[in-house]
Each structure stands twice: as C-alpha cells, then as structure tokens.
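The chain contents come next:
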Amino acid sequence: MSISPLKLIAVFLTAIAPAPSGAAPLFNDKALVAPHIHVESASQFVKWSGKPVPQGDYDKAYYNRTRLGTVSFGPQLKVHVDMIEDMMHFPSYYELVDVVTGAVLGKYAVFNPDDAEWYFAGNGMAYLNQLHLSLCGPRYTRKIVQKEKALAEAVQPLIYIGTETQVQGTVRLFESPASKNVVATLAPGSTAFVIGLQPGKDQKTGTTLLVKTPFGLTGWHVADGAADNGALEIYQCN
C-alpha cells in the first residue's frame with residue numbers, strides 16, 4: 001500500500017512535535033466534558049446523541065465529520081462542535097455550527113483533531129490551543145469572540161510562541177519587520193529564543209518572528225528565502 005507524500009510529512013511532523021497529553025496545561029483547571037473540549041461549567045455542554053451529520057462540502061473518501069456535542073457559547077448562542085478529520089494528510093478542521101440556523105460560524109484548521117484543545121468560557125469567548133501549522137513544534141492560542149450571532153477571531157498584536165530554536169546560517173535581526181537596520185546577528189549553530197510571530201505572516205516565505213539573542217537583544221527575523229538572511233530551524237522541518 002502506497003503512502004502519499006503529505007501523509008509522510010504529517011507522520012514526520014507528528015514525530016518532532018510535542019505529543020499532546022490530553023488537556024493542555026493552561027486548561028487543566030477547566031471541566032473536561034469530551035475529548036479536547038473544556039468548559040467553565042459542565043452544564044454548558046450536551047454530548048451529541050443524534051444521527052451522524054452530513055459531510056457537507058467534505059468528500060467522504062478523505063474526510064470524516066463527527067459532531068461532538070452542543071455548547072452554550074454565550075448570550076443566546078448555542079453551537080454544535082463538529083470535528084472534521086482528514087484521513088489522508090493534514091490539516092483537519094473544527095467547525096462551530098449555529099444550532100438554530102445550521103450556519104457554520106467558524107472553521108478552524110488544526111494539525112490533527114487530537115492536537116486541538118478547546119475551552120468555552122460560556123460568556124461569548126472561546127480559546128483554541130493548537131500546534132502552529134507553519135512552524136515546527138510550538139503551540140499557540142487563538143481567541144474566538146461572539147459578535148451578536150456571529151463569531152470572529154480576536155486579532156493579537158503578537159502571537160506568542162515562546163520556544164528555543166537553532167540557527168542555520170548567519171541570521172540578521174532587524175529593528176522592525178520592514179526595517180533594514182540590523183540590531184543583532186546570530187551565528188550559525190547558536191540557539192535563539194523565538195518570542196512571537198507577527199499575525200498574518202504565517203507562511204514559510206514571509207514568516208516574521210520576534211527573536212531574542214543569547215545576549216538578551218531582540219529583533220525581527222523575516223523568512224524571505226534570501227540566502228544571505230540565514231534560517232531558523234523552527235520553520236524548516238526537514
């Protein structure tokens with residue numbers, strides 16, 4: 001039986017990524033009502049006991065949709081929590097579906113279903129902690145907020161990463177993402193600390209990271225593919 005290249009990549013990333021250990025530490029004090037689903041109060045959540053839900057736009061040859069249950073998201077808003085597993089490679093998805101209208105209010109890509117950890121506060125806010133899809137290993141948290149009967153993701157000024165990475169090639173750090181003024185230089189083979197990621201710059205070309213040097217200086221690294229700009233191991237998984 002042949003294995004697709006994307007499936008092999010998924011297996012590799014799973015091997016290098018921190019293994020999920022049930023509840024993410026930051027949600028340990030919240031009620032766990034279903035796998036990867038935490039709530040402020042157990043009464044917010046009702047496990048799904050109805051018929052299997054339609055696949056929707058997902059091809060059943062590659063995806064499997066499972067309705068985990070129904071949660072009280074916030075004032076006068078209840079949502080179904082649907083898990084859509086990509087059975088061939090990645091990403092998989094979670095969808096939050098309006099109980100009344102059946103509309104998909106939010107679709108959230110995750111590395112795989114077991115990677116995600118949800119916390120529904122019950123006050124119109126939810127948090128999703130997951131592996132970052134474009135970086136190798138670190139987790140980060142997304143915040144989803146209720147806007148009347150809609151959901152929107154809160155914009156963060158800096159997505160916190162908080163992990164060490166190895167330096168590959170000489171890396172220059174700049175005073176701002178758009179600046180050409182160098183504030184520090186990292187030597188090949190050294191270890192740097194990635195503080196965070198600039199929102200909206202989450203592809204391998206264009207990834208913009210705020211980095212701290214071993215001497216405690218900070219600066220921005222932009223992964224633009226230029227040979228003289230070096231690289232960080234955090235966005236090169238192979």
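Residues numbered from 1 in each chain as written. Predicted model: local features only at pLDDT ≥ 70, side-chain atom pairs only at ≥ 80, totals over all residues. Heavy atoms only, no water.

**Comments concerning the sheet that holds strand β2 (residues 37–39)**
By way of backbone hydrogen bonds, the strands of a sheet pair with one another, either parallel or antiparallel. With respect to topology, 6 strands assemble into an open sheet ordered β1-β2-β8-β9-β10-β11, the strand pairing being mixed. Each edge of the open sheet carries a strand with a single partner, namely β1 (31–34) and β11 (150–153). Within the sheet, the average angular offset between the axes of one strand and its neighbour, ignoring direction, is 25°. (Pairing = 2+ DSSP bridges. Helix = DSSP H or I, 4+ residues; strand = E, 2+ residues; numbered from the N terminus. Axes fitted to C-alpha atoms, helices over the stretch in contact; angles between N-to-C directions.)

**Description of the sheet that holds strand β5 (residues 77–86)**
With antiparallel pairing, 5 strands are arranged side by side in an open sheet as β3-β4-β5-β6-β7. Where the open sheet ends on each side, the last strands, each with one partner, are β3 (45–47) and β7 (104–110). Sheet twist, expressed as the average angle between the axes of neighbouring strands with direction ignored, equals 20°. Here β3 runs beside strand β4 (residues 63–74); their pairing, made up of 3 bridges, is antiparallel. Bridge pairing in β4 places F45 opposite V71.

**Examining the side chain of Q146**
Mapped onto the elements of the fold, Q146 is located in strand β10 (residues 139–147). You can call Q146 buried: its relative accessible area is 16%. A distance of 2.7 Å separates a polar side-chain atom of Q146 from the backbone oxygen of E148. Setting aside its immediate chain neighbours within four residues, Q146 contacts F73, G74, P75, L77, G124 and L151. (Buried < 20%, exposed > 50% of the residue type's maximum accessible area, 1.4 Å probe, protein only. Polar contact = N/O pair within 3.5 Å; in protein donor to acceptor, adjacent residues only side chain to side chain. Contact = heavy atoms within 4.5 Å.)

**Quick notes on the confidence of the model for the protein**
Confidence in the prediction for the protein averages 86 pLDDT; 85% of positions are at 70 or higher. Low pLDDT, under 50, characterises residues 1–24; the predicted model gives this stretch 32 contacts beyond four residues in sequence or across chains. (pLDDT = per-residue confidence, 0-100.)

**A short note on unusual backbone geometry**
Each neighbour pair has its own omega, and for F90 with P91 the value is 5°, a cis peptide bond. By secondary structure assignment, the location of P91 is in the loop between β5 and β6 (92–98). Of note in this structure, Q76 is not a glycine but carries a positive phi near 55°. Positive phi outside glycine occurs at E148, with the angle close to 60°. Here E148 lies in the loop between β10 and β11.

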